Protein chains: 2
Amino acid sequence: MITNTKDKSLFFFSKIRVGYFYSMISIVLLGAGNVGQHLFEAIKNSKDLQLIQWYNRSLSRIKPFENFVPITDDITALKPAQLYIITVSDDAIRPLSESLNIEQGLVVHTSGTASIHDLSKKLSRGVLYPLQSFTLGKQIDFSRVPICLEALDKKYYTLLEEVAMALGSPYYKINTEQRKVLHLSAVFINNFGNHLFRIAHEISDAKSINFDILKPLIMETAEKVQEMSPYRAQTGPALRGDKKTIKRHLKLLDESSHKAIYEMLTQSIQKTHGR
Amino acid sequence: MITNTKDKSLFFFSKIRVGYFYSMISIVLLGAGNVGQHLFEAIKNSKDLQLIQWYNRSLSRIKPFENFVPITDDITALKPAQLYIITVSDDAIRPLSESLNIEQGLVVHTSGTASIHDLSKKLSRGVLYPLQSFTLGKQIDFSRVPICLEALDKKYYTLLEEVAMALGSPYYKINTEQRKVLHLSAVFINNFGNHLFRIAHEISDAKSINFDILKPLIMETAEKVQEMSPYRAQTGPALRGDKKTIKRHLKLLDESSHKAIYEMLTQSIQKTHGR
């Protein structure tokens, strides 16, 4: 899949690898789930990365892309590359990496929870964890996808930095322990945060209220903590110790589980702010 | 405070009041807290609204603005206006409205929780509740401030619509019961949502992780539900029933209150999605 245009660029200097002759970083992508498909797009769109192969257990999933990249479902037929990116589910990382029969190049997974040691010992190992919520079918600008990098070997860490730069992403050196806490933090922010939106939707819908009314508040809540710490951004009856409003709110909630969540988060806010 | 420029506009047709000769809506603002100050700016910047007086119990608070608007701390000295907007705290709405000695014009409060009947019976009463999180010192674009309107008299409801349009805000007809539920929904979204950000900050800070890594995820979480219902936007280990990850997450949490919140929200997600 090396095109003429790309060959010509071999004679140019790279912005990234100053002092080297330019060469694109060759990548084999493994897996075609949510993260795999978003990485496929991002790698394809980067002028400094060259996707030389896409592997997936089931060929049908990647068949629509065969005009853009050589595809395969044969794990023993992987091409030589500088980087192999495994985007399969956590449980499949170990068996897949064990079955890899490659002689050189770095192998990374993209999981927030799997250890770097879940990759087979016989490989050069690393992690490239994009910390973002990907939605199938919704393209995301990779400048808004922070990438957490880890490698056992310093030389390979540098390669991962170059890949992150080529994707246009902010990147951070994050070890396995930190990465697991980041993944957990992401659950609080994204999964639990979204569930609070759902509760708001549920209780307002029950009174025939248009959810659109609440959307600007959702945006403002997120924007506020881009500039200010969440500690300082906190407001509301829990923080003020406004017992009257809290009591009225609890009375308004029909669902016992909503009441319990309200009470627990109110107590937690008060504990955090020393009330 | 009628300037010449404004007088001239008397001879133009209004976009808002088609068929009328143009006249600005005259407003007296009462109170100078967070909402009061943001409304002051927004009214001042609207070419269709004329702020003719600002009342506050303590004059010192509004003194800096006396070159823009006549100010007073004398509740018996209010000027005649079409609209009086009360932005004082919930408990102060009733006594303040009782002490109003005005003969005409609509009186509204801006509270999410107070009833329209908290305003004195002798007045023409309404509510103008801006559903947004205001931060002192941070200007907000009122096109992003949905306004919930209520009035006992239809004629006055039309006036409130005109005010909302003049502010450039989306507006909705919302009765007292609905408004209370909206205020409660806002607590789930803004106060509780922000507290989840705080927990994420706390646990990542404890592992020396830069909170910046999580900021794009906060934005994406908010943006996703601008297009998609929170029900459809839900992802994560709770939704998938991924017991292994849930167990690992609980083990990672040191604080018992964080564990309890994690468990309760996980259960609530599973209940919502029929797991």
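Let us look at the structure shown here. (Residues numbered from 1 in each chain as written. Chains lettered and ligands numbered in written order. Predicted model: local features only at pLDDT ≥ 70, side-chain atom pairs only at ≥ 80, totals over all residues. Heavy atoms only, no water.)

Quick look at the sheet that holds strand β5 (residues 106-109) of chain B
Backbone hydrogen bonds hold the strands of a sheet together, and the pairing may be parallel or antiparallel.
Residue and element names in this part refer to chain B.
Turning to step 1, where the next piece is worked out: Strands sit in the order β3-β2-β1-β4-β5-β6-β7-β8 across an open sheet of 8 strands; the sheet is mixed. Single-partner strands in this sheet number two, and they are β3 (71-72) and β8 (171-173).
Turning to step 2, where the next piece is worked out: Of the pairings in the sheet, the one linking strand β6 (residues 124-130) to strand β7 (residues 147-151) comprises 5 bridges and is antiparallel in character. Across the sheet, the residue bridging to P130 is I147, located in β7.
Turning to step 3, where the next piece is worked out: Each of β1 (25-30), β2 (49-55), β4 (83-86), β5, β6, β7 and β8 touches helix α4 (residues 154-167); the most contacted strand, β7, lies at about 160° to it. (Pairing = 2+ DSSP bridges. Helix = DSSP H or I, 4+ residues; strand = E, 2+ residues; numbered from the N terminus. Contact = heavy atoms within 4.5 Å. Axes fitted to C-alpha atoms, helices over the stretch in contact; angles between N-to-C directions.)

A closer look at empty space enclosed by the protein
Turning to step 1, where the next piece is worked out: The tally for this structure, following the rule as stated, stands at 5 cavities of 30 Å³ or more.
Turning to step 2, where the next piece is worked out: Taken as a whole, the largest cavity spans an internal volume of roughly 80 Å³.
Turning to step 3, where the next piece is worked out: Around the largest cavity, the lining residues are I189(A), G193(A), F197(A), I218(A), T221(A), A222(A), I189(B), G193(B), F197(B), I218(B), T221(B) and A222(B).
Turning to step 4, where the next piece is worked out: Those elements giving two or more residues to the lining of the largest cavity turn out to be α5 (176-205) and α6 (215-227) of chain A together with α5 (176-205) and α6 (215-227) of chain B.
Turning to step 5, where the next piece is worked out: Residues of the lining of the largest cavity, tallied by class, amount to 8 nonpolar, 4 polar and no charged. (1 Å grid on protein atoms, 1.4 Å probe; cavity = no way out; pocket = protein on both sides within 12 Å on 5 of 7 lines; lining within 4 Å. Points joined across faces, edges and corners; volume = space filled by probe spheres on them. Nonpolar A, V, L, I, M, F, W, Y, C, P; charged D, E, K, R; others polar.)

Things to note about the pairing of strand β4 (residues 83-86) of chain A
Residues and elements named next belong to chain A.
Turning to step 1, where the next piece is worked out: Judged by which residues are buried, β4 turns out to be covered on both faces: L83 and I85 on one side and Y84 and I86 on the other are all buried.
Turning to step 2, where the next piece is worked out: In terms of strand pairing, strand β1 (residues 25-30) meets β4 through 4 bridges, oriented parallel. Residue pairing for β4: L30 is matched across the bridge by I86.
Turning to step 3, where the next piece is worked out: Pairing analysis gives 4 bridges linking β4 to strand β5 (residues 106-109), with the strands arranged parallel. Bridged to I86 within β5 is H109.
Turning to step 4, where the next piece is worked out: Crossover handedness for the path β4 to helix α3 (residues 90-98) to β5: right-handed. (Buried < 20%, exposed > 50% of the residue type's maximum accessible area, 1.4 Å probe, protein only. Right-handed = clockwise from strand over helix to strand, strands pointing away.)

Considerations on the interface of chain B and chain A
Turning to step 1, where the next piece is worked out: Taken together, the contacts link 89 residues of chain B with 89 residues of chain A.
Turning to step 2, where the next piece is worked out: Here chain B and chain A share an interface that buries about 8,800 Å² over both sides, 68% of which is from carbon and sulfur atoms.
Turning to step 3, where the next piece is worked out: When the area that chain B buries against chain A is broken down by residue, the three leading residues are F188(B), I189(B) and I213(B), summing to 8%.
Turning to step 4, where the next piece is worked out: Taken together, the links from chain B to chain A amount to 12 salt bridges.
Turning to step 5, where the next piece is worked out: Of the charged contacts, one joins E220(B) and R144(A) as a salt bridge, the two residues approaching to 3.6 Å between their closest N and O atoms.
Turning to step 6, where the next piece is worked out: Seen at the junction of chain B and chain A, the total is 33 residue pairs in polar contact (both at pLDDT 80 or more).
Turning to step 7, where the next piece is worked out: Elements that contribute at least two residues to the side of chain B that touches chain A include exactly α3 (90-98), α5, α6, α7 (230-233), α9 (243-252) and α10 (256-272) of chain B. (Buried area = accessible area lost by both parts, 1.4 Å probe. Salt bridge = Lys/Arg side-chain N within 4 Å of Asp/Glu carboxyl O. Polar contact = N/O pair within 3.5 Å; in protein donor to acceptor, adjacent residues only side chain to side chain.)

All we've got here are geometric facts, nothing functional implied.
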